[in-house]
Amino acid sequence: MKNTYQELELVDGQIVKMTLNFARLLKIKNDQPNIYDRFMDVLQKKDFDLISDSLIVLYAGYLCANMDNESVMTEDEFVELIPFDLELINIKAGQLIQGKKK
């Protein structure tokens, strides 16, 4: 299966890639269990919180796509650079969770 990537333009003009796949999520589970646990909590919720849940999905996607980079942003750094566009973050989070349909 081919990885599908989403792109997000941050407020500083930087474009970051995001993706979700099992192998990379397992690496996050081992390397950053707090992020993994919060991501999994989001997937199990009945009431999705537009802001906080979308942001953790986006950050998990960012980590999955960029975990091999030496200069990965912390969650706080990443969130500081997310544009304040509720529709955009909700759409991007949904695209990451749902994946690409064939």
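Read on for a plain summary of the structure. Every chain's residues receive numbers from 1 upward, in the order its sequence appears when written. Where totals are concerned, whole chains, interfaces and linings use all residues; where local detail is concerned, this predicted model gives features only for residues with pLDDT of at least 70, and gives and counts side-chain atom pairs only at 80 or more. Just so you know, side-chain values use all the structure's heavy atoms and leave hydrogens and water out.

### Description of the overall build of the protein chain
Then step 1. Numbering goes from the N terminus for both helices and strands, where a helix is a DSSP run of H or I of at least four residues and a strand is a run of E of at least two. Across its full length, the protein chain holds five helices and two strands.
Then step 2. We take the radius of gyration over the C-alpha atoms and set the globule estimate at 2.2 Å times the residue count to the 0.38 power. What you see for the protein chain is a C-alpha radius of gyration of 13 Å, in line with the 13 Å of a compact globule of 102 residues.
Then step 3. In terms of overall dimensions, the protein chain has C-alpha extents of about 35 × 30 × 30 Å along its principal axes.
Then step 4. The buried share among the 102 residues of the protein chain stands at 36%.
Then step 5. Across the protein chain, every contact between residues at least 6 apart in sequence was considered, and the portion connecting residues at least 24 apart equals 60%.
Then step 6. Note that accessible areas follow from Shrake-Rupley with a 1.4 Å probe, and for residues the cover is restricted to the protein chains shown. Accessible surface, the protein chain: about 6,800 Å² in total, of which carbon and sulfur atoms supply 50%. In this scheme, a residue with accessible area under 20% of its type's maximum is buried, one over 50% is exposed, and one in between is partly exposed, where area comes from a 1.4 Å probe on protein chains only. Residue contacts follow a heavy-atom distance rule, with two residues in contact if any of their heavy atoms lie within 4.5 Å.

### Focus on a nonpolar patch on the surface
Then step 1. The residues that make up patches have over 30% relative accessible area and no salt bridge, and they are joined within 9 Å when like-charged or within 5 Å when they are Val, Leu, Ile, Met, Phe, Trp or Tyr. A pair is scored as a salt bridge if a Lys or Arg side-chain nitrogen falls within 4 Å of a carboxyl oxygen belonging to Asp or Glu. A cluster of nonpolar side chains, Leu50, Ile51, Phe84 and Leu86, forms an exposed patch at the surface whose accessible area comes to about 390 Å².
Then step 2. Here Leu50 lies in the loop between helix H2 (33-44) and helix H3 (52-66).
Then step 3. What makes Leu50 partly exposed here is its relative accessible area of 32%.

### A few points about the packing of helix H1 (residues 22-31) against H2
Then step 1. Across the interface, H1 lies against H2 with an axial gap of 5 Å and an inter-helix angle of 125°. Taken as axis vectors, H1 and H2 run oblique relative to one another. For the pair H1 and H2, the contacting residues are Leu25, Ile28, Lys29, Asn30 and Asp31 in the first and Pro33, Ile35, Tyr36 and Phe39 in the second.
Then step 2. Residue type decides the class: Asp, Glu, Lys and Arg count as charged, Ala, Val, Leu, Ile, Met, Phe, Trp, Tyr, Cys and Pro as nonpolar, and the leftover types, Gly among them, as polar. Looking at side-chain class alone, the contact of H1 with H2 contains six nonpolar, one polar and two charged residues. Angles run from 0 to 180 degrees between N-to-C directions of axes, and those axes are lines fitted to C-alpha atoms, restricted for helices to the stretch in contact. Note on angle classes: values under 35 degrees are labelled roughly parallel, values over 145 roughly antiparallel, values of 65 to 115 roughly perpendicular, and the remainder oblique.

### Quick notes on the environment of Asn66
Then step 1. Its location among the elements puts Asn66 in helix H3.
Then step 2. What makes Asn66 buried here is its relative accessible area of 12%.
Then step 3. As a C-alpha pair, Asn66 and Val16 span 50 residues in sequence and 8.6 Å in three-dimensional space.
Then step 4. Not counting chain neighbours up to four residues away, the residues in contact with Asn66 comprise Lys17 and Val72.

### Considering H2
Then step 1. Multiplying one less than the number of residues by 1.5 Å gives the expected span of a helix. With twelve residues, H2 should reach 16 Å at 1.5 Å per residue; the first-to-last C-alpha distance of 16 Å fits that figure.
Then step 2. Listed in full, the buried residues belonging to H2 are Ile35, Tyr36, Phe39 and Val42. Along the axis of H2, the buried residues cluster in a sector spanning 120°; they form a single face.
Then step 3. Of the surrounding secondary structure, the elements contacted by the buried residues of H2 are H1, H3 and helix H4 (75-81). Our arc is simply the arc of the directions from the helix axis toward the C-beta atoms.

### Considerations on the pattern of salt bridges
Then step 1. Tallied over the entire structure, the rule returns three salt bridges.
Then step 2. When the shortest N-O distance is used, the salt bridge between Arg38 and Glu75 registers 2.7 Å. One end of the pair, Arg38, is in helix H2; the other, Glu75, is in helix H4, and 37 residues separate them in sequence.

These results come straight from atomic positions and should not be treated as a statement about function.
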